[in-house]
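# Tertiary structure, described
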Amino acid sequence: EAARILKRAAATKAVAPAPVLSSLVGLERKMREECKADRSLGEKQLGELDGAWRLVFTTGTLDTQARTGGQINYFPLKAVQQFDTKSQPMR
């Protein structure tokens, strides 16, 4: 369900903030728990970050989320962030 909500939000930018934030937090929490149970998953996840990622929305910090009531902001333009986890320091 969470992945479906996030895919729809990325495609339409029309999903309300609450389900987007809830989906992100839930998936992040689940991944942290899985990585604690199996340390090799963390390295695998890090490697999967390599490449260019389109930024669709931002949640801000936990403090910002608390102040705004969990709002998200959709990027009004095309934004891309690139990761290279093999470089030192990581870029």
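The notes below deal with the structure included here. (Residues numbered from 1 in each chain as written. Predicted model: local features only at pLDDT ≥ 70, side-chain atom pairs only at ≥ 80, totals over all residues. Heavy atoms only, no water.)

### A look at the nonpolar core
The nonpolar side chains of a soluble globular protein tend to be buried, and buried together. Residues Ile5, Leu6, Ala9, Ala10, Val15, Val20, Leu21, Leu24, Val56, Phe57 and Ile72 constitute the largest nonpolar core, which totals 11 residues. Contributions of two or more residues to this core are made by α1 (2-12), α2 (17-37) and β1 (51-58). At 4 residues, the largest contribution of residues to this core is made by α1. Beyond its immediate stretch of four places on either side in the chain, Val56 contacts Ala9, Ala10, Lys13, Asn73, Tyr74 and Phe75. (Core = buried A, V, L, I, M, F, W, Y, C linked by side-chain atoms within 4.5 Å. Buried < 20%, exposed > 50% of the residue type's maximum accessible area, 1.4 Å probe, protein only. Helix = DSSP H or I, 4+ residues; strand = E, 2+ residues; numbered from the N terminus. Contact = heavy atoms within 4.5 Å.)

### Comments concerning the layout of surface pockets
Estimates place the volume of the largest pocket at around 1100 Å³. Forming the walls of the largest pocket are 26 residues, and the residues nearest its centre are Leu24, Glu28, Gln45, Leu49 and Trp53. Broken down by secondary-structure element, the contributors of at least two residues to the lining of the largest pocket are α2, α3 (40-47), β1, α4 (62-68) and β2 (73-83). At 10 residues, α2 tops the list of elements feeding residues into the lining of the largest pocket. Along the lines of polarity and charge, the residues of the lining of the largest pocket split into 14 nonpolar, 5 polar and 7 charged. (1 Å grid on protein atoms, 1.4 Å probe; cavity = no way out; pocket = protein on both sides within 12 Å on 5 of 7 lines; lining within 4 Å. Points joined across faces, edges and corners; volume = space filled by probe spheres on them. Nonpolar A, V, L, I, M, F, W, Y, C, P; charged D, E, K, R; others polar.)

Any functional reading would require information beyond the geometric quantities listed.
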